[in-house]
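# A structural walkthrough
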Amino acid sequence: MIGRIGESCLISLVVCMQMAAALSHKQNSISGAAEKPASILVSMSDPTSTRSRSEQMTAIARALGSRGHSITYLIPANKDPSSLGVRDSDVRDSGKVVTYDVVFQQADIDRLKVSYVSSSVGVRAAGNLSLADQISRPINPLLIFNQYLDFFVKSCDGIFRDSETLGRLERTKFDLLLHDAFNPCDFLIGTHLGIPYVTMTTSIRFYYVNEATYAIPAPSSYVPFDFGRSFTDEMTFKQRLVNFLSWNVVRPILTSYAFSSFDIIRRKHNVSVGLSWTQMASSSLLWLANRDATLDFAKPLAPNVVQIGGLLRESSKLLSQDLNEFIQGAGNHGVIVFSLGSMVTSLMREDLNELFAEVFSDLPQRVIWRFVGPPPRKLGNNTRLMEWLPQNDLLGHPQTRLLIYHGGINGVYEAIYHKVPMVLLPIFADQPAIGARVSKKGMGVVLDRATLTYATVKGAIEEVIHDPKYKANVEHYGAIHHHSLASPLDTAVFWIEHVLKFGGSHLRLRGSDLSFIVLNSVDVVAFVIIVMVVAIYIDYLVLRTCCRLCCSRKKSKLKAE
């Protein structure tokens, strides 16, 4: 009896040891060293990149470097690597920075960004616009889009014109290129160097890189093509009409225009002239998409599209003593965090700054406001202005009741991760679309910047704080966001190393290689229609012949009688 008990204990011990070893192996597969270190080029060639987008790539690069891979950052000479999230330790421990010359200064881009933000933030209600403003309002975004493209083209020309840098990249023999889909030049870099590439989409989608790029079905009836719009997966007839036209008319035009802007670079430097842009874009081994089911709507995906929404999420750290004392002084009312992201340091209109300051002064909560500039005159004693604030750490504080935000995707995922409801004030780009998702899922409400009043702002804040459904919903989706096999960062690293080891052909949809006719079975449908028409015509001929025979017999019979 004792022997059997001892044997059972021994078996149990062996099983536990095997399970522990398996768990340890699984953990080491992400946090330990890679099986085969690779040389990886991380292109940060987008001259207009903001830190909020570039930090997604540096986070992945840093994780790959920690596993023994050699990382090389490609950065325009006018950019400070630290402004893109590249740390000194990143370069010292596992990589280096390669720069190339450009013909413009960072100040030129900064002026364009200010113009872009000002035209978006400073919009007045449509009824108060002059006739000239009403005419130019839909044109301004296109003009700014064209100016952004101009910087992209000049930056791309700088890479291929800088023979010393280009030669250095060619001699290194990289194993992989990691790049942001926002800059089409990176596709040229990858194909010119002859290395496979992994593409990252740092937002929901872009006009010229989307489901059509990798042949994923995107029914306009429930998949919103919503860059700059606040559509959801439930649309009215009018919205579906606009969505259909945007996908089938506007998207192809903008895609063609964006890519054609780089054709002069291709011809000038003889880069990948034998390939179409569709071929280059769809050849990406892997697409790392900064989205997941907690924020985005469910839609068709391909095996080579890996969702890593919330990539920059992290546990909150302790706050400074003075900031913590300010928060604790709020008591049970808690605090509100107000930030408009890295590009917008204030509302950029004095009347709007004063409006929000007045609303905050009448709230029982304390407010921490990221703000640069002269303090508003109506600022209350319960509001603290900070030129920079530790947003993630504030959201993780138990006293935080609400985030007022512009709708940038990283901050929204931080709020979901820490389960903090939101009041969003979308300004430009993908922010209206992100706001629509937050509103549809009941995690917050969205303010219209064109119709802001004291009543609408205060009403939205009080609704989200006092109605328990918003907190319940964000806790629900936050729990889903936490419930995963691995973190978004570990997922990204796993799949990058997967394609380094096995390639990506087994994940890629065949549809990207097919013509429009074959992909959409136009020839098959035409063949079926022709066969049906021929069959109907043959039936018609047979019936007509039978009728004629019957009629002729009847006539013969009548004549015989």
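Just so we're clear, the structure is a prediction, and the values are computed from it rather than from any experiment.

### What about the state of the cysteines?
Applying the stated criterion to the full structure yields one disulfide. Paired through a disulfide, Cys156 and Cys185 show a sulfur-sulfur distance of 2.1 Å. The chirality of the disulfide connecting Cys156 with Cys185 is right-handed, given an S-S dihedral of about 75°. Of this pair, Cys156 sits in helix H6 (residues 140-161) while Cys185 sits in helix H8 (residues 185-193); the two residues are 29 residues apart in sequence, bridging distant segments of the chain. Side by side, Cys156 and Cys185 carry an identical accessibility label, which is buried. We note that Cys550 lacks a disulfide partner, and the nearest cysteine sulfur, in Cys546, lies 6.5 Å from it.

### Some words on the pairing of strand E4 (residues 176-180)
A regular strand carries its side chains on alternate faces of the sheet. Buried residues dominate E4, accounting for five of its five residues. A two-sided burial pattern is seen for E4, the buried positions comprising Leu176, Leu178 and Asp180 on one face and Leu177 and His179 on the other. Sheet topology note: the strand E1 (residues 39-43)/E4 ladder contains three bridges and is parallel. Considered in E4, the bridge of Leu41 is made with Leu177. The pairing of E4 with strand E5 (residues 197-201) spans four bridges and is classified as parallel. Each residue of the ladder has a partner; that of Leu178, found in E5, is Val198. The parallel pair E4 and E5, bridged by H8, forms a crossover whose chirality is right-handed.

### Quick word on the environment of Leu509
Summarising the element assignment, Leu509 is placed in the loop between helix H19 (488-502) and helix H20 (516-519). Under the relative-accessibility criterion, Leu509 is labelled partly exposed at 27%. Spatially, the C-alpha atom of Leu509 lies 8.1 Å from that of Asn304, the residues being 205 residues apart in sequence. Those residues within four positions of Leu509 in sequence are excluded, and the remaining contacts are Tyr214, Ala215, Ile216, Ala302 and Pro303.

### Overview of the nonpolar core
Ranked by internal contacts, the top residues of the largest apolar core, which has 73 residues, are Phe160, Phe356, Phe360 and Ile461. Listed in part, the 30 residues of the second largest apolar core include Ile204, Ile368, Tyr413 and Met422.

### Considering the pattern of salt bridges
Inspection of the entire model under this criterion finds 25 salt bridges. The shortest N-O distance in the salt bridge between Asp46 and Arg53 comes to 2.8 Å. The same class applies to Asp46 and to Arg53, which are both buried. The residue Arg161 makes a salt bridge to Asp157 at a minimum N-O spacing of 2.6 Å. With Arg161 and Asp157 both in helix H6 and four residues apart, this pair spans about one turn of that helix. Look at Arg161 and you get partly exposed, because its relative accessible area is 38%.

### What about the sheet that holds strand E6 (residues 286-289)?
Reading across from one edge, E3-E2-E1-E4-E5-E6-E7 is the order of the seven strands in this open sheet, with parallel pairing throughout. At either margin of the open sheet sits one strand with a lone partner, and together these are strand E3 (95-100) and strand E7 (305-307). In this sheet, neighbouring strand axes are inclined to one another by 20° on average, regardless of whether the strands run parallel or antiparallel. One ladder, built from three bridges, connects E6 with E7; its direction is parallel. Note on E7: the bridge partner recorded for Trp287 is Val305. Its contacts with the sheet place helix H2 (residues 51-66) against E1, strand E2 (70-76), E4, E5 and E6, and it is angled at close to 155° to E2.

### A short note on helix H13 (residues 350-361)
Here H13 is 12 residues long and its end C-alpha atoms lie 16 Å apart, about the 16 Å a rise of 1.5 Å per residue gives. Among the residues of H13, Leu352, Asn353, Glu354, Leu355, Phe356, Ala357, Val359 and Phe360 are the ones counted as buried.

The rules behind the values
The residue numbers shown here count from 1 along each chain, following its written sequence. Owing to the predicted nature of the model, reporting of local features is limited to residues with pLDDT of at least 70; listing and counting of side-chain atom pairs is limited to 80 or more, with chain, interface and lining totals taken over all residues. Remark: hydrogens and water are excluded; side-chain values derive from all non-hydrogen atoms of the structure. We call a pair of cysteine sulfur atoms a disulfide whenever their separation is within 2.5 Å. The numbering of helices and of strands both runs from the N terminus, where a helix is a DSSP run of H or I of at least 4 residues and a strand a run of E of at least 2. Exposure is judged per residue with a 1.4 Å probe applied to protein chains only, and the accessible area is read against the type maximum: over 50% gives exposed, under 20% gives buried, and values in between give partly exposed. At least two DSSP bridges between two strands are needed for those strands to be called paired. When the strands point away from the viewer and the path from the first strand over the helix to the second turns clockwise, the crossover is right-handed. Any pair of residues with heavy atoms lying within 4.5 Å of one another is described as a contacting pair. What we call a nonpolar core is a set of buried Ala, Val, Leu, Ile, Met, Phe, Trp, Tyr and Cys residues that are connected through their side-chain atoms within 4.5 Å. Note on definitions: salt bridges are taken to be side-chain nitrogens of Lys or Arg within 4 Å of carboxyl oxygens of Asp or Glu. Note on definitions: angles span 0 to 180 degrees between N-to-C directions of axes, and those axes are lines fitted to C-alpha atoms, for helices only across the stretch in contact. In a helix, the anticipated span is given by 1.5 Å times the number of residues less one.

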